[in-house]
2 protein chains.
Amino acid sequence: MAVDVDVDDTVILSKMLFPLLINFFMAVICYIITVRLIPRLKEKFIKANLFGIDFSKTTSDKVPESLGVVTGCTFLITMFLFIPVPFGNNLLEKGTFPQDEFVKFIAALLSICCMLLLGFADDVLDVPWRHKLLLPTVASLPLLMVYYVSFNTTTIIVPKPLRDILGTSVDIGLIYYVYMGMLAVFCTNAINILAGVNGLEVGQSVVIGISIIIFNLIELSGNLWKAHQFSLYFMMPYIAASLALLKHNWYPSSVFVGDTFCYFSGMTFAVVGILGHFSKTTLLFFIPQIFNFLYSAPQLFKLIPCPRHRLPKFNSKIDKIGCSTTIFKYSELNTLGKLVFKLFKSFRLIQWEEKGDVIVTNNFTLINLVLIYFGPLHEAKLASFLICIQIVCSVVAFIIRYPFAWVFYDV
Amino acid sequence: MAVDVDVDDTVILSKMLFPLLINFFMAVICYIITVRLIPRLKEKFIKANLFGIDFSKTTSDKVPESLGVVTGCTFLITMFLFIPVPFGNNLLEKGTFPQDEFVKFIAALLSICCMLLLGFADDVLDVPWRHKLLLPTVASLPLLMVYYVSFNTTTIIVPKPLRDILGTSVDIGLIYYVYMGMLAVFCTNAINILAGVNGLEVGQSVVIGISIIIFNLIELSGNLWKAHQFSLYFMMPYIAASLALLKHNWYPSSVFVGDTFCYFSGMTFAVVGILGHFSKTTLLFFIPQIFNFLYSAPQLFKLIPCPRHRLPKFNSKIDKIGCSTTIFKYSELNTLGKLVFKLFKSFRLIQWEEKGDVIVTNNFTLINLVLIYFGPLHEAKLASFLICIQIVCSVVAFIIRYPFAWVFYDV
């Protein structure tokens, strides 16, 4: 019997590792191709009127914008070519083909491809704000449908402290689908609003992606290894394509990534989180984005006046970046606005100056928050600092996920 | 027993017709939304530098280009919302879900979405020619994979006259996949090269689409009704979205459709042809495109010199369009080029003038061929004429498919 078990283990191990090795190998090729392709395509993007001027530089060169679409396309092509690999043995033996695995694969790619299309259309055509919330919802429809078909478990385990009231588990039904749809909307937009410094969009995405990979690798030894293997199939080529982009997008940026990249990244994270059944853990890796969103909310929802741009301000004399400000009259805020302002003041979350009724304060973004405490900073340092925050938060996320999970759940 | 059969028939009839009715209804809504959306987005396209100047008009207004991406997106959204409908009953009863039907659906949408993304990227970035052949191949990979998983029948029925040599059926294996990949490449590019007159791209696509719909409706009464129902799910919203575009693209065009639309159309036809198992019939509806491709081939493959543009020539004085010409020296043609030239001359497929060694002849496109016999024509008349040819060819296709099929196959 002991021998049998060993043989089984070996079979599972090879089934688990062999496709992952191929995937890793293809990811490396994807990196090499992407990193060479991007500089070659720069001129085409500028010619197509897809460029921006870097506000935090002394020069005003045209920097090609939306290069995220190149990353997305090389990722998609890599995935298309990879599709047959995990189904290798099943392809040769008739009748053993795992349709449900396959459909998850295809639906995940459909959602990502759709988001890439919509993101690129947004970059080219400048879609209004309200559509930015609609597009990811549309793109996540195939995903939710597959979730319904493949799992349709909408039961959540109740955290221990609440079990006296709610019981061990609750079936939240439709709400679970609304939650997943909102997850897609959140992930796609959260990266997009923590942006504006060379390398920051890709940098944070790479940290989130690597965190997910580490989590998947840990969980490969568990019972749900298939879900985590599935996630790795997507995350490794994703990281490869993104690193290639980061190389050109890091300070001083020779290309910008565009909304395309933020949407593409967000959707990829949402896809693996939902279909890999670890959406809560995925959200844990978004701590800085969640903080940034909550901190920004008073301006996004117009409780505090919001200028057209909230990007930090470049000081060309010292080649450093300082925080940007907004000016308003305290008396013109509504009750909620006044409350928020007082709250932020008492927690020292903002820097402010009062001249009678007129108030000057920094714009409410994580970048500005860093700058009021540590700024002005050189752009490369600022990006590194923010990415370090992302890394620290990932460490915190792992501590919450592992050592502290027993507080809320039976592990 | 007779009653049982009747009940079964009714069940099948309702299973067949109910989703089609919903689909038709959604297609109508898709038309209404698309037809209103296009004029509203025109300014955005011009602002994004996506516009062209109409060479066949006396004015030189900017005409927004690539509006096919709007059509494609409304089509995709309609299809996303439609997905649950055909699986309605199976969704409620556990364990009866037809994964294989579902995966076909998702893979078809993935190929179309991918082609739409690549088409739009082509319009914006101007992809070189050789990539235009590569892109549809990539986009058709998920499709071929699904074909492999779902059917993997690469056996073809041999036409009667060849049965003595080859037998009743032959398994052509891998060649069948190459054929399907090439079908996708052909369909996407064939529409793209029969273009350049207001309304022609969309007009021909609508005729092909409606021909496929008629064919599907006829075959609904047969044993393979499911495949044809599947095709109708895609074709009805496709026609709706395209008619909305045609309304704005017909002479005088207020919008251009772009490569995006041609790719999107071609891929949609290839998808339903391949997954609906009627790729040969689909090709029959492409007679004018096949003719145009063969007729163009000597110029496309540089046997006969090919100018940058082969569009017909606008004569502003009479507001009519005449054929465009190419000039070359006969002695500079290679042997094959000389042979083709002589062949075309003897079949009166070209109009030519010889001044010693120098030859002036029309460019080898179907549009120019029509113009040398019936031109110069007003642009709207020319488009109508070409679309009439497409309709006549569809009638011929139906005659080949039905009354004459017994010559080649047992019907």
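Everything in this summary refers to the structure shown in the same document.

Here is what the cut-offs are and how they apply
- Residues numbered from 1 in each chain as written.
- Chains lettered and ligands numbered in written order.
- Predicted model: local features only at pLDDT ≥ 70, side-chain atom pairs only at ≥ 80, totals over all residues.
- Heavy atoms only, no water.
- Pairing = 2+ DSSP bridges.
- Helix = DSSP H or I, 4+ residues; strand = E, 2+ residues; numbered from the N terminus.
- Axes fitted to C-alpha atoms, helices over the stretch in contact; angles between N-to-C directions.
- Patch = residues over 30% accessible without salt bridge, like charges linked within 9 Å, V, L, I, M, F, W, Y side chains within 5 Å.
- Areas by Shrake-Rupley, 256 points an atom, 1.4 Å probe, with all protein chains shown as cover.
- Salt bridge = Lys/Arg side-chain N within 4 Å of Asp/Glu carboxyl O.
- Buried < 20%, exposed > 50% of the residue type's maximum accessible area, 1.4 Å probe, protein only.
- Contact = heavy atoms within 4.5 Å.
- Buried area = accessible area lost by both parts, 1.4 Å probe.
- Polar contact = N/O pair within 3.5 Å; in protein donor to acceptor, adjacent residues only side chain to side chain.
- Phe/Tyr/Trp six-rings, centres within 6.5 Å; stacked < 30°, edge-to-face > 60°.
- Lys NZ or Arg CZ within 6 Å of the ring centre and 35° of its normal.

**Concerning the sheet that holds strand β9 (residues 358-362) of chain A**
Think of a sheet as strands paired side by side through backbone hydrogen bonds, with each pair either parallel or antiparallel. Residue and element names in this part refer to chain A. What the three strands build is an open sheet, ordered β7-β9-β8; its pairing is antiparallel. Since the sheet does not close on itself, it has two edges, and those belong to β7 (325-329) and β8 (352-355), each with one partner. Between one strand and the next, the sheet's axes are offset by a mean angle of 15 degrees, whatever the strand orientation. The pairing of β7 with β9 spans five bridges and is classified as antiparallel. Residue I327 lies in a different strand from β9, and its bridge partner there is V360.

**A look at a nonpolar patch on the surface**
Residues and elements named next belong to chain A. A cluster of nonpolar side chains, namely I391, V395, I399, F404, W406, V407 and F408, defines an oily patch on the protein surface of about 650 Å² accessible area. Among the elements of the structure, α16 (379-401) and α17 (405-408) are those that each provide at least two residues to the nonpolar patch. The topology assignment puts V395 in helix α16.

**A few points about unusual backbone geometry**
In terms of backbone geometry, most residues other than glycine have negative phi values and most peptide bonds are trans. Residues and elements named next belong to chain A. P252 follows Y251 through a cis peptide bond whose omega is -15 degrees. Unlike most non-glycine residues, D319 shows phi in positive territory, near 50 degrees. Judged by relative accessible area, D319 falls into the partly exposed class, the value being 32%.

**Overview of the pattern of salt bridges**
Summed over all chains, the structure comprises 10 salt bridges over all chains. A salt bridge links D54(A) to K57(A), with the shortest nitrogen-to-oxygen separation between them at 3.0 Å. Measuring nitrogen to oxygen at the nearest pair gives 2.6 Å for the salt bridge that ties E379(B) to K57(B). With E379(B) in helix α16 (residues 379-401) and K57(B) in the loop between β1 (51-53) and β2 (62-64), this residue pair connects regions lying 322 residues apart in the sequence. Both residues of the pair, E379(B) and K57(B), belong to the buried class. If you follow the salt bridges from partner to partner, you end up with D54(A), K57(A) and E379(A) in one network.

**Points about the interface of chain A and chain B**
Contact residues are listed per partner, giving 47 residues for chain A and 46 residues for chain B. Carbon and sulfur atoms make up 84% of the surface buried where chain A meets chain B, a total of about 3900 Å² over both sides. Interface area lost by chain A to chain B is led by F80(A), L117(A) and L125(A), which between them contribute 17%. Summed over the shared surface of chain A and chain B, the number is zero salt bridges. Inspection of the region where chain A meets chain B yields two residue pairs in polar contact (both at pLDDT 80 or more).

**Things to note about the packing of aromatic side chains**
All names here are of chain A. In the structure shown here, the tally under the stated rule is 61 aromatic pairs over all chains. Where Y238 meets F269, the ring centres are 5.3 Å apart and the plane angle is 75 degrees; that geometry is what we call edge-to-face. With Y238 in helix α10 (residues 225-249) and F269 in helix α11 (residues 258-275), this residue pair connects regions lying 31 residues apart in the sequence. Accessibility assignment for this pair places Y238 and F269 in one class, buried. On the basis of an interplanar angle of 20 degrees and a centroid distance of 5.6 Å, the ring pair of Y295 and F364 is categorised as stacked. Linking Y295 in helix α13 (residues 287-300) with F364 in the loop between β9 and α15 (366-374), this pair joins segments that are 69 residues apart in sequence. Neither Y295 nor F364 differs from the other in exposure class; each is buried. Through successive ring pairs, a cluster of aromatic residues spans F75, F186, Y238, F261, F264, F269, F286 and F293. In this arrangement the basic side chain of R401 is found over the ring face of Y402, its NZ or CZ atom lying 5.1 Å from the centre.

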